Amino acid sequence: NQGISGIEYDTNGNLWVSATSSCNANKGIYKITTTSTPSYLYMGSSTQSFDFTQLELSNYGLILGVNNSGSFGYIDPSNNTFSTTTYNISFT
């Protein structure tokens, strides 16, 4: 019971998706490769709040997203990590 909101390929051809679900434990960001089953990139509840985000590949190879509260986050595909910044984008 998951829905996909954002998709983006990294520079190595791996597919990254942001997914929502009626089950909180399944919300968040997933990495999908051609050689393995989808893996969930879980970093505490920080990726769960990125379940409805669009994903964009930056010039630096990072995948960027903004969650529903305006917090900016990024995926580093080279080491499968997710980080958020201290900057918040205010929405009006």
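Note that this is a predicted model, so its numbers are computed, not measured. (Residues numbered from 1 in each chain as written. Predicted model: local features only at pLDDT ≥ 70, side-chain atom pairs only at ≥ 80, totals over all residues. Heavy atoms only, no water.)

Peer 1: Before we move on, could you go through the pattern of salt bridges and cite the residues and values that matter?
Peer 2: It is possible for side chains bearing opposite charge to pair when their charged atoms get close. Evaluation of the coordinates by the stated rule reveals 1 salt bridge. As a salt-bridge pair, Lys27 and Asp51 come within 3.9 Å of each other at their nearest N and O atoms. Note that Lys27 is positioned in the loop between strand S2 (15–21) and strand S3 (28–32) and Asp51 in the loop between strand S4 (39–41) and strand S5 (56–57), a separation of 24 residues in sequence. Across the pair, exposure class does not vary: Lys27 and Asp51 are buried alike. (Salt bridge = Lys/Arg side-chain N within 4 Å of Asp/Glu carboxyl O. Helix = DSSP H or I, 4+ residues; strand = E, 2+ residues; numbered from the N terminus. Buried < 20%, exposed > 50% of the residue type's maximum accessible area, 1.4 Å probe, protein only.)

Peer 1: How would you summarise the nonpolar core if you had to cite specific residues and measurements?
Peer 2: Counting residues in each nonpolar core, the largest one holds 7 residues, listed as Trp16, Ile29, Phe50, Leu55, Ile63, Ile75 and Phe82. Ile63 has contacts with Glu8, Asp10, Trp16, Leu55, Glu56, Leu57, Gly73, Tyr74, Ile75 and Pro77, leaving out every residue within four places of it along the chain. (Core = buried A, V, L, I, M, F, W, Y, C linked by side-chain atoms within 4.5 Å. Contact = heavy atoms within 4.5 Å.)

Peer 1: Can you break down the side chain of Glu8 residue by residue, with the values?
Peer 2: Here Glu8 shows up in strand S1 (residues 2–9). Buried charge without a salt bridge: Glu8, with Lys31 as the nearest opposite-charge side chain at an N-O distance of 14 Å. Residues within four places of Glu8 in sequence aside, it is in contact with Asn14, Leu15, Trp16, Leu55, Glu56, Leu57 and Ile63. (Lys, Arg positive; Asp, Glu negative; His and termini not counted.)

Peer 1: Could you give an account of unusual backbone geometry, naming the residues involved and the relevant values?
Peer 2: A positive phi is found at Asn80, a non-glycine position, where the angle reads about 55°. Along the chain, Asn80 falls in the loop between strand S7 (71–76) and strand S8 (81–88). On the basis of relative accessibility, which here comes to 34%, the residue Asn80 falls in the partly exposed class.

Peer 1: I'd love a proper account of the pairing of S1, names of residues and values included.
Peer 2: Pairing geometry for S1 and S2, over 7 bridges, is antiparallel. Note on S2: the bridge partner recorded for Gly6 is Ser18. Between the antiparallel neighbours S1 and S2 lie 5 residues, among them Gly13 with a positive phi of about 85°. (Pairing = 2+ DSSP bridges.)

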